Each structure stands twice: as structure tokens, then as C-alpha cells.
Amino acid sequence: MQDLYPSRQREEPDWLERRDPVVHGLPGKAPSIDQAVIDAFVRDGFAVLEDVFSAKEVNGLVAEAKSLRQQSGLLPETCISERGETGAGAVRSVFAPHQQSKVFARLAADDRLSGLARFILGDDVYIHQSRINYKPAFRGKDFYWHSDFETWHTEDGMPRMRALSMSIMLTDNHPQSGPTMFMPGSHTSFVTCVGETPEDHYRQSLKKQDFGIPDTDSLSKLAKQGGIAAPAPKAGSVVIFDCNTMHGSNSNITPFERINAFLVFNAWSNRLVNPFGRTRPRPEFIAHRQVKSPLARLSVPPPFPLGGR
């Protein structure tokens, strides 16, 4: 398969034209949200949806997220700890929660999320990756600037920019507690990265990414062009962002824990091939390859919580 977005192959970074639509749409179908939000998503590469989930639903999700963090029976390697002395003992992320919890499996299939993903991507969808990011109080470390697609393309083999993330706020996000920052408009260009990817890079990158991060000149140019936005929505809100939107977050040195659930929806027609960076595919819990069918449609979901995994 032709590599339309080659990265980590040259000694100097490059800017490539985006070759894929941001919103594909479905023939004869209207979006489930206001068209103005869709327009903002196309323009900026992200959009905020307020009050998607009720307080009762959020309470159930938070209880399940905290329970998962304390479980000793999680799938191997899916529980990622924070790095360094100040982060020691704190859980940074739990990957593949939709495969380890009925509650998060239900969340992934919820039509409020998956239905919108189907419209934007113009296809049936499946979960490419899911995780809960905890950003613990005082000890939550940063996530450096990056385009998810650059990693998913190079290390996982995602062919095209036909995927998106939805970040579900399980706690109120505060401007001071390390909310996700975005560079509006950055999704329209693909910034290549330099440096050959080491084997099993994921073992390090899930704690701190050193490869697949853009150069500072490119970041400065993107910020000058579109600025930096740092939405901090309340619990129950959802931030959707394109797979190629440049984003990152600062450390959390406040007393306020920040828990967000991330669901990455990929178009069924955009399933993974061999990694374009010519490395071994990352493990299944990071990039799902063994998916037999698209997500089922769950338009009338049962109430949270479901009560057990």
C-alpha cells in the first residue's frame, strides 16, 4: 500500500498536504449535533459538546474508572504508571477499558458517541484504541505535543486520516489541572517527525514519548497560525478531535484529579495494515487488529452503572 504520509524517514521535518476529508458524512443523513459544531470541527480540528452525559451516568463511569485502577486482574501491560519520583505509585492510564469492563464497553457503543463518529467518518466504525487517563492530583505528568495519526500511521499501520478521538470528561476539567490543549487548524497539514523508531518503543512512549513528536519550529509555526486553545469542560462533556490535530497537556500539580476516558473511533474501511514505519505492530491492547465486526448500534442504552465486568 502506498504511504501517503511518510514520517520518521528523513533527517529534516516536512509539511505534507492532508489528503483526506475532515468530515465524510453519510448520504441522506443529518448530523446528530448542531451543524455549527460540525463546522467548528472542520475548521479547528476539535469541538466541545456540553452535557452529553447526566450526573448519574458520570457517577457510574467514575466509580468504574476508579475500580479499574485498583484491579490486579487487568490484562497484561494495560495499567501504565506515572514516571519519576514524584509520579511513583500513581496510575497514568488504563488501556483497553472497553475490553475489560461492561460499563466502558457500553460507553463505546453508545450512539451519542459512535453514531456521531459514523457520521463524521462516513462509515461503520470500530474502536482502534481506548484508555482512561487519570492525571492524578499533584503527580500527573504531561503529554507532549503530538498528532495521534503520526503514531497510528507509523507504528500501527493506520492508512488514512479517517479516525477521531472522543474524550469524555469524568471529572470537571480545570484550566490549572492540565487540560488537553489543541492547536486550531493544525489538522489540515501533516507534520512529519524525525528519528528512526526503536523496537518496542511503546514501553517508553506510554509514559513519555520521545519519538513521533514534532520539532519546535513546526510547533511554533502552528501556534502562530492558529493559536492554542485549552477547553476545560465540566464532567459529562465530550471533546471530539480529529486524528491529526496537534494536542498535548501540561502536568497536574493541583489538588484536583482529572479523569478522562478516551475512545478512538476508526472507519471500518481504514483498518490497520503493516506499520508504515517498518516496525513490529504495537500490542493489541494499544492498537486493535483482531476486530471481527464494526461496533453495534446502541441507541437506547441501559442506565449506568451496569454492575461488574
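Anything mentioned here points back to the structure above.
Before going into details, it helps to say that this report is about the structure given with it. Values in this document were obtained by computation on a predicted structure and should not be read as measured data. (Residues numbered from 1 in each chain as written. Predicted model: local features only at pLDDT ≥ 70, side-chain atom pairs only at ≥ 80, totals over all residues. Heavy atoms only, no water.)

A separate point is the layout of surface pockets. Taken as a whole, the largest pocket holds about 480 Å³ of empty space. Lining the largest pocket are 28 residues, with Arg131, Phe143, His146, Ser205 and Gln209 positioned closest to its centre. Among the elements of the structure, strand E4 (91-95), strand E5 (125-133), strand E6 (143-146), helix H6 (148-156) and strand E11 (247-249) are those that each provide at least two residues to the lining of the largest pocket. When the residues that make up the lining of the largest pocket are grouped by side-chain class, the tally is nine nonpolar, eleven polar and eight charged. Estimates place the volume of the second largest pocket at around 170 Å³. What lines the second largest pocket is simply Leu26, Lys29, Ala30, Pro31, Ser32, Asp111, Gly115, Leu116, Arg118, Phe119 and Arg297. Tallied by class, residues from the lining of the second largest pocket come to five nonpolar, two polar and four charged. (1 Å grid on protein atoms, 1.4 Å probe; cavity = no way out; pocket = protein on both sides within 12 Å on 5 of 7 lines; lining within 4 Å. Points joined across faces, edges and corners; volume = space filled by probe spheres on them. Helix = DSSP H or I, 4+ residues; strand = E, 2+ residues; numbered from the N terminus. Nonpolar A, V, L, I, M, F, W, Y, C, P; charged D, E, K, R; others polar.)

Time to look at helix H1 (residues 35-44). Every α-helix carries 3.6 residues per turn, so stepping three or four residues along brings you back to the same face. All buried positions along H1 are accounted for by Ile38, Ala40, Phe41 and Asp44. Take H1 and look down its axis: the buried residues cluster within an arc of 160°, on one side only. On the buried face of H1, the contacting elements are strand E2 (46-49), helix H5 (111-121) and strand E10 (238-242). Near the N-terminus of H1, the side chain that reaches the backbone nitrogen of Ala36, with its oxygen 2.7 Å away, is that of Asp34. Phi for Gly45, located one or two positions after H1, is positive at around 90°. (Buried < 20%, exposed > 50% of the residue type's maximum accessible area, 1.4 Å probe, protein only. Arc of directions from axis to C-beta. Contact = heavy atoms within 4.5 Å. Polar contact = N/O pair within 3.5 Å; in protein donor to acceptor, adjacent residues only side chain to side chain.)

Let us look at the pairing of E4. Along E4, five of the five residues are buried, which leaves the element largely enclosed by surrounding structure. Here strand E3 (residues 79-81) pairs with E4 via three bridges, running antiparallel. Residue pairing in the sheet places Ile80 in a bridge with Ser93 of E4. Here E4 runs beside E5; their pairing, made up of three bridges, is antiparallel. Bridged to Ser93 within E5 is Asn133. (Pairing = 2+ DSSP bridges.)

Our next topic: the side chain of Ser165. Structurally, Ser165 can be placed in strand E7 (residues 163-169). The contacts of Ser165, once residues within four sequence positions are left out, are Asp148, Trp152, Val239, Ile240, Phe241, Leu263 and Val264.

Take the environment of Phe241 next. Following the sequence through the fold, Phe241 ends up in strand E10. The sequence separation of Phe241 and Met161 amounts to 80 residues, and the corresponding C-alpha distance is 12 Å.

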